[in-house]
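Summary of structural features
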Amino acid sequence: MTDFLPVLLGSDANVYGMARSFYQQYGVHSVAVCKGALVATANSNLVKIAVLEPQLEDDEVFERTLIEFAKAHADKPLVLVSCADGYTILMARHREALRPYYHFACPELETVLALDIKDNFYRACEEHGLSYPKTTTCTAQNYGTIELPFEFPVIIKASNSPAYWNCSFPHKKKVFLANDRAEYDAVTKAIYGSSYQDDLILQEYIPGDDNCMRVVNAYCGLDHKVRLIALGRPLLEEQTPEGIGNYAAILSDPSFNDAALLDKLCAFLEDMKWEGFANFDIKYDARTGEYKMFEMNPRQGRSSYFVTAAGYNLSKWLVEDVLEHRPAEKTVADSESLWMIAPYGVIRKYLKDPDLLAKANRLKKQGRCAHQLFCKEDWNLKRWLWYLRSQLNYYRKTARYYGNKGLRD
């Protein structure tokens, strides 16, 4: 089926990756509905911002905006895709109101909240035998007096991602690393001096470079069965304050697939009755030989185009499920490819593992690589000039922020 319109919630690099997936698989152009226009989707022919509504996160505005858009575009089926945690929560809350107008896969609200809030997610991991770093939480009331049940260094991150995204304070970073109590006190005081007043996750630091991380994207059908699961090995993370925890390059290779891990994650998703896309961030702990779960996002990951680049187009599994209602068995991605959002020169400079670098070099020479934000079918002068500037800027940003996860610039 090609006569449908993808409606993507958001305007970031994830939205662009999904729009590319839809275009490559079905030749269709997408539209975006968002609260703000971001540069990743600017001057694109693959996706156009159809509705820019600053109050889109308000429940009444969200429901009204999407229903009005659907009524104005009732000439073809509309496939709705969330590209951010907050939008997934809104979709879950308004599932029944949106059902008459859109085709989509989205879990029940209770299920989303059980996994998107990090301390809830860790409780679910415990119940399902999935390992995670030693973890505790602090509140706006006890952060200054809490005694940590593990040694420093400690990772500090928000339990409520959407709320943290909307707060502001000097030197804000997505994730902080505190090496001692003084750094911990400074970071937590800065966070709770902002509008963010929910819990903070405090975790033991798992040693190892960025390439010890693993990222898993999955799609679960309307029947709550896993239809696609793909594991990637990040080579490097982004280094900017807002980008920490996002990936700059990912290697797909069947030799990295750990069958026991993937089987556990599939069982976890099906036990939780998940529906739609899911994204896991995981780190391999060489001290114990275990994979430690960091978080689960209730959507495809920002870097999820790596799955499409590896030959498993994300849009295909969604459309065949919600629009065509085809039955499907579980597919485990098992091909080689290299995905990047940073320029390859940055990867080559900062990737410390010689074996992984050699593999990345080979795939690049073989042309088995893809860049998240560069699509030759979407070429125009304005986008090309922006792309060149942004790629050159990666060298400066990475050099400035590399290794900096503290309360400083």
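Residues numbered from 1 in each chain as written. Predicted model: local features only at pLDDT ≥ 70, side-chain atom pairs only at ≥ 80, totals over all residues. Heavy atoms only, no water.

1. Observations regarding the nonpolar core
Counting residues in hydrophobic clusters, the biggest one holds 118 residues, and the most contacted among them are Phe22, Tyr102 and Phe280. In this structure Phe280 touches Phe121, Arg214, Val215, Val216, Leu265, Phe268, Leu269, Met293, Glu295 and Met296, once residues within four positions along its chain are discounted. Cys138, Ala140, Ala190 and Leu200 belong to the second-largest nonpolar core, a separate cluster that totals 21 residues. (Core = buried A, V, L, I, M, F, W, Y, C linked by side-chain atoms within 4.5 Å. Buried < 20%, exposed > 50% of the residue type's maximum accessible area, 1.4 Å probe, protein only. Contact = heavy atoms within 4.5 Å.)

2. Some words on the sheet that holds strand 7 (residues 176–178)
Within the open sheet, the four strands sit side by side as 5-8-6-7. Their pairing is antiparallel. Every interior strand has two partners, whereas the edge strands, strand 5 (135–138) and strand 7, have only one. Going from strand to strand, the sheet's axes swing by 30 degrees on average, the running direction of each strand aside. Across three bridges, the pairing between strand 6 (residues 154–158) and strand 7 is antiparallel. When the bridges of strand 7 are listed, Ile155 appears paired with Leu177. Across the face of the sheet, helix 6 (residues 118–127) comes into contact with strand 5, strand 6 and strand 8 (200–204) while running at roughly 50 degrees to strand 8. (Pairing = 2+ DSSP bridges. Helix = DSSP H or I, 4+ residues; strand = E, 2+ residues; numbered from the N terminus. Axes fitted to C-alpha atoms, helices over the stretch in contact; angles between N-to-C directions.)

3. Concerning helix 2 (residues 59–72)
Helical periodicity: at 3.6 residues per turn, an α-helix aligns residues three or four positions apart in one direction. Counted at 1.5 Å a residue, the expected span for helix 2 with its 14 residues is 20 Å, and the 20 Å between its end C-alpha atoms agrees. Within helix 2, burial applies to Val61, Phe62, Thr65, Leu66, Ile67, Phe69 and Ala70. Those residues of helix 2 that are buried are in contact with strand 1 (5–9), strand 2 (30–34), strand 3 (47–52), strand 4 (78–82), helix 3 (85–93) and helix 4 (95–98). (Expected span 1.5 Å × (residues − 1).)

4. Considerations on the environment of Asp180
Among the structural elements, Asp180 can be located in the loop between strand 7 and helix 8 (181–192). Judged by its relative accessible area of 36%, Asp180 falls in the partly exposed class. Taking the C-alpha atoms as reference points, Asp180 and Glu151, 29 residues apart in sequence, are found 8.9 Å from one another. A polar contact of 3.3 Å, which involves the side chain of Asp180, links it to the backbone nitrogen of Ala182. (Polar contact = N/O pair within 3.5 Å; in protein donor to acceptor, adjacent residues only side chain to side chain.)

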